[in-house]
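Observations on the three-dimensional arrangement
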Amino acid sequence: MPLHPHTDSPPRARGSRGRRAGRLAAAGAALAVVVGLGPLAGPGAHAADNPYERGPAPTASSIEALRGPYAVSQTSVSSLSVTGFGGGTIYYPTSTSDGTFGAVAVSPGYTAYESSISWLGPRLASQGFVVFTIDTLTTLDQPDSRGRQLLAALDYLTQRSSVRGRVDASRLGVMGHSMGGGGSLEAAKSRPALQAAIPLTPWNLDKTWPEVTTPTLIFGADGDSIAPVASHAEPFYSSLSSSLDRAYLELNSATHFTPNSSNTTIAKYSVSWLKRFIDNDTRYEQFLCPLPRPSLTIEEYRGNCPHRS
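A brief report on the enclosed structure follows. In this text the structure is predicted, and so the values were computed from the model without any measurement.

**So, the pattern of salt bridges**
Applying the stated criterion to the full structure yields nine salt bridges. In this structure, aspartate 155 and arginine 191 form a salt bridge, with 2.9 Å as the shortest nitrogen-oxygen distance. Highlighted residues: aspartate 155 in helix α5 (residues 143-159) and arginine 191 in the loop between α6 (179-190) and β6 (196-200), separated in sequence by 36 residues. Two residues, glutamate 234 and arginine 302, come together in a salt bridge whose shortest N-O distance is 2.9 Å. In this pair, glutamate 234 sits in helix α7 (residues 233-239) while arginine 302 sits in strand β9 (residues 298-303), placing the two residues 68 residues apart along the sequence. Salt bridges sharing partners connect three or more residues here, namely Glu53, Asp281 and Arg283.

Printed below as a string of structure tokens:
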């Protein structure tokens, strides 16, 4: 909490005791400046409370926008220069003035390529993340393989990529569509240190995920005939520990392939989830709690409130 000066002026110091008190007061004031306290700290005081916070205070319009507050650059990663996954594209905030950023890797689904989920790259990066949309080794890879590939992509991003200096390697997440969504659950199961997972209309033969300890937001679609929510997204969500920060959002009038096109509802809640759990930014809690109500775009929303992580 910021320190506030007393409203009454202290008595004038006299003699050596007074000089000693003055020196202590000056030292205290200097310390307050160093740690970001006191009136001199200004806007930085709140940031000091959460060193991972990035960007201005959010509004509904800012998280629904096609582009957030950060200008975005991108770089291609050839499959020939990596191992364990099929290359891809890294999107990142152009400016370095805010220091490092959290990062997320995104996998496409069965038979699909990076292009099917590429819209998420600039949209999420412009909100203050480094985003790696990847190709898989083959388009027929199963969810367990895609999970390993997501982790390989994160390892490349944080250890070898040209933008590794922009990434906070302790604040990472995964996303994926269809079998890539099933893969994001596999990745979270294998690497509990992940801060967030977002499966998009996920498909997986494994229906239970009690081992997952990563905050997880699952998107389903009411018209999904490839990964029907009754046999995929809903049991996945229900199997997560009730003590976990978890949510299930079922898109209204949507199909299995809705996540393959720019979608404001997916973007809004994905940004909020990633900000809340990768950046530990409680300014975004307002968009997740109280639970969103059914609407023209949301068929159903379930989850835990308030969040604990």
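**Here's the deal with the packing of α5 against α6**
Remark: α5 packs on α6, axes separated minimally by 7 Å, with the N-to-C direction vectors making an angle of 65°. α5 and α6 meet at a crossing whose hand is right-handed. Packed against α5, whose contacting residues are Pro143, Asp144, Arg146, Gly147, Leu150 and Leu151, the element α6 presents Met179, Gly180, Gly182, Gly183, Ser184, Glu186, Ala187 and Ser190 at the interface.

**Focus on α5**
For α5, spanning 17 residues, the distance from its first C-alpha to its last is 24 Å, which sits close to the expected 24 Å at 1.5 Å a residue. Burial of α5 is extensive: 13 of the 17 residues sit out of reach of the surface.

**Points about empty space enclosed by the protein**
For the structure on display, the rule yields one cavity of 30 Å³ or more. Considered as a void within the structure, the largest cavity measures approximately 50 Å³ in volume. Every residue lining the largest cavity is listed: Tyr52, Arg54, Thr100, Phe101, Gly102, Asp168, Arg171, Ile278 and Asp279. Those elements giving two or more residues to the lining of the largest cavity turn out to be β3 (101-107) and β5 (167-177). Looking at side-chain class alone, the lining of the largest cavity contains three nonpolar, two polar and four charged residues.

**Here's the deal with the packing of aromatic side chains**
Applying the stated criterion across every chain yields a total of nine aromatic pairs. Between tryptophan 273 and phenylalanine 277, the ring centres sit 4.6 Å apart and the planes meet at 50°, which makes this aromatic pair tilted. Here phenylalanine 277 and tryptophan 273 lie together in helix α8 (residues 264-277), a separation of four residues that amounts to about one turn. In this structure tryptophan 273 comes out as buried when scored by relative accessible area, which is 0%. Grouping aromatic residues by their ring pairs yields a cluster made of Phe85, Phe132 and Tyr156. Between the NZ or CZ atom of arginine 54 and the centre of the ring of phenylalanine 101, over which it lies, the distance is 6.0 Å. Geometry around tyrosine 237 places arginine 246 over its ring, the cationic atom sitting 4.4 Å from the centre.

**A look at the environment of alanine 254**
By secondary structure assignment, the location of alanine 254 is in the loop between β8 (246-251) and α8. By relative accessible area, alanine 254 is classed as buried at 5%. Each C-alpha atom, one on alanine 254 and one on glycine 223, is 5.4 Å from the other, the two residues being 31 residues apart in sequence. With near-sequence residues (within four places) excluded, alanine 254 lies in contact with Ala221, Asp222, Gly223 and Asp224.

Here is what the cut-offs are and how they apply
Residues numbered from 1 in each chain as written. Predicted model: local features only at pLDDT ≥ 70, side-chain atom pairs only at ≥ 80, totals over all residues. Heavy atoms only, no water. Salt bridge = Lys/Arg side-chain N within 4 Å of Asp/Glu carboxyl O. Helix = DSSP H or I, 4+ residues; strand = E, 2+ residues; numbered from the N terminus. Axes fitted to C-alpha atoms, helices over the stretch in contact; angles between N-to-C directions. Left-handed = near helix turned anticlockwise from the far one by under 90°. Contact = heavy atoms within 4.5 Å. Expected span 1.5 Å × (residues − 1). Buried < 20%, exposed > 50% of the residue type's maximum accessible area, 1.4 Å probe, protein only. 1 Å grid on protein atoms, 1.4 Å probe; cavity = no way out; pocket = protein on both sides within 12 Å on 5 of 7 lines; lining within 4 Å. Points joined across faces, edges and corners; volume = space filled by probe spheres on them. Nonpolar A, V, L, I, M, F, W, Y, C, P; charged D, E, K, R; others polar. Phe/Tyr/Trp six-rings, centres within 6.5 Å; stacked < 30°, edge-to-face > 60°. Lys NZ or Arg CZ within 6 Å of the ring centre and 35° of its normal.

Worth remembering: the numbers are spatial, not functional.
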